[in-house]
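# Structural overview for review
Listed here are the chains, written in short residue letters.
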Amino acid sequence: MRSRIIAALAAVCLVAVGVGAALLNGGSEEYERYHQHREAQQLSDLSAEDQEAACSSNIDTESFASHLPVVSIDTRGQEVPGEQLRVDAEGLELPYERSYTMASDGAKTIPTDFSLFYDETSANRLDDTPALETQAEVRYRGHSSRLFDKRSYAVTFTESDRTTKRDLDVLNMGKESDWILNGPFLDKTQIRNYLSMNVIGQFMQYVPDVRFCELFVNGEYQGIYLLMETVKYGEDRVSLTPSDSRTSATSYIVQRDWGQADNPSNITDLFDETYVVSGTYLDLIYPNEMSVTIDQREWIASDLNSIEKSLYSYDYDTENHGYWTVLDVDSFVDYAIVNELTLNIDAGSYSTFYYRDVRGKLAIGPVWDFNNAYDNYTEESVAELGFLMNEKPFYYMLFKDEKFVGQVISRYRELRSSYLSDEALSSYIDEVVAYLGPAIDRNFQVWGYTFDASALGADSKLSPEDRNPESYDEAVDDLKDAIELRGEWLDRNIENLRQYSHESAVKMFNH
């Protein structure tokens, strides 16, 4: 998530993605991004002996070898907590607010032994000396993804006391204690999050860094995983002016998502009747519940209420009180575009972050969670739903302003001729698939049954069943088709966004 600006260039040639396109907006910022599939060790870099071993489909601990980083977690004989409960001890169905299993001591996590194997000069094996070794608190994570057979994990590096966090650098992503092991299950390509984070991270700020790896848990192979940064305050995460407990005004990060009312980070009850938190929860990410003061919690809620009122009011587009006085408009423009193009239907409603530096304006982001994107939403195809973002919190009002709509259209045209062109994205996908190579075959030794939709429960596949790919190649083709078809539709219809800011649509807001 390190967002060091390379330059604000008038024209940036995108040779790296094979597209001779340019960013034409002199105000556009480009951010440094590490692309693992281009810059890390390649299969072809290994010795002939190591290449043969890393090309093998063996997934037993003694003969396994990979050109990818390898992670091993030993749970010390404990069950990993965080599994979703659907019924209580009496067999009665639980309410929609979800409940999860706990550790035997009642904790939400268990202490584990975490090892990372990575050597840039040879294939990576489980009997190598670890590049990183630490105790880590671990639990299952996610919302609907907790129902999948291939689980995702929240990982926190700690000292032996289990409470003192250890900041460690993982694969050059910066020193931090909190990480995610994302297990692509519904995403048969394994690459949706990697593709999205890395492409979007070239022009949006604070996009989480990601690295592919292969995972073992208690000696059993789990497949391809994505090591990811979490969204949190920090020099190598979201870099804000530090919070000062002596004052009520503070920088902050909040998350709109599924949640539980008894979560100590939940600040929903502090709000007026608002649009942003309606129907869901707003959790405080920074300052966290251990460091935030009562005055700061109330100030953050008051600040968000004030921002909302400046937007959902009759003077939302006036010179002195317009939304641009309190919002980082560029972030809202880019966020809308990338989630429209990727068909990320939950964006703006769930898995949505906002941050504000105490010295700046409210921004939306970082972007998050693209497993269901690119027409990979379980309940239905969303490719024919038209625009997705115009009814979302904040955007309902933003799209009523013709200046904002014009900025979205202009920026869309710019990005579609560069980072988000069909050619750039298709080329990127091909590069990533080629980089993963034999790891794909190893992954589907365990998860190959998922190409048979009849073998999956309703929560673990796309509906209707004919939307589910029957092979890896078909999954990749479906991803490319979703990008091409959505881009084609937006290219034809992007100007139709102006209907939302037409005088006939905003009469009640005219002056």
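A short tour of the structure in this document, coming up. Please read all numbers here as calculations on a predicted model, not as lab measurements.

### Some thoughts on the sheet that holds strand S13 (residues 220–229)
The 7 strands lie next to each other as S3-S6-S7-S8-S11-S13-S12, forming a closed barrel whose pairing is mixed. Strand-to-strand twist in this sheet, taken as the mean axis angle between neighbours without regard to direction, amounts to 40°. Inspection of the sheet shows strand S6 (residues 110–117) paired to strand S7 (residues 132–141) by 7 bridges, in the antiparallel sense. Within S7, the position partnered with Phe114 by the bridge is Thr134. The sheet strands contacting helix H9 (residues 438–447) are strand S12 (210–217) and S13, and the helix crosses S13 at an angle near 120°.

### Observations regarding the nonpolar core
Counting 123 residues, the largest nonpolar core has Phe114, Tyr153, Leu181, Tyr395 and Phe404 as its most contacted members. It is helix H5 (residues 329–341) that provides the largest number of residues to this core, a total of 8 residues. Among residues more than four places away in sequence, those in contact with Phe114 are Val71, Ser72, Ile73, Leu132, Glu133, Thr134, Ala136, Val155, Phe157 and Leu181. Core analysis: the second largest hydrophobic core is formed by 6 residues, Phe64, Val70, Phe117 and Phe216 among them.

### Details of the environment of Tyr500
Looking at the element boundaries, Tyr500 is found in the segment after helix H10 (472–493). Overall, the relative accessible area of 24% leaves Tyr500 in the partly exposed class. C-alpha separation for the pair Tyr500 and Lys400, spaced 100 residues apart in sequence, amounts to 5.4 Å. With residues up to four places along the chain from it excluded, the contact list for Tyr500 reads Phe387, Asn390, Phe399, Lys400, Ala505 and Val506.

### As for the packing of aromatic side chains
Taken as a whole, this structure holds 28 aromatic pairs when the rule is applied. With 6.0 Å between their ring centres and 80° between their planes, Phe353 and Trp368 make a pair best called edge-to-face. Here Phe353 is found in strand S16 (residues 352–356), whereas its partner Trp368 is found in the loop between strand S17 (362–364) and helix H6 (395–398), with 15 residues between them in sequence. In this pair, the class of Phe353 matches that of Trp368, namely buried. An aromatic cluster is present here, built from Tyr323, Trp324, Phe332, Tyr354, Phe394, Tyr395, Phe399 and Phe404 joined pairwise through their rings. Above the face of the Tyr100 ring, Arg146 is positioned so that its terminal group lies 3.8 Å from the ring centre. For Arg237, the ring lying beneath its charged end belongs to Trp179, and the centroid distance is 4.6 Å.

The rules behind these values
- Residues numbered from 1 in each chain as written.
- Predicted model: local features only at pLDDT ≥ 70, side-chain atom pairs only at ≥ 80, totals over all residues.
- Heavy atoms only, no water.
- Pairing = 2+ DSSP bridges.
- Helix = DSSP H or I, 4+ residues; strand = E, 2+ residues; numbered from the N terminus.
- Axes fitted to C-alpha atoms, helices over the stretch in contact; angles between N-to-C directions.
- Contact = heavy atoms within 4.5 Å.
- Core = buried A, V, L, I, M, F, W, Y, C linked by side-chain atoms within 4.5 Å.
- Buried < 20%, exposed > 50% of the residue type's maximum accessible area, 1.4 Å probe, protein only.
- Phe/Tyr/Trp six-rings, centres within 6.5 Å; stacked < 30°, edge-to-face > 60°.
- Lys NZ or Arg CZ within 6 Å of the ring centre and 35° of its normal.

Coordinates in, geometry out; function isn't part of it.
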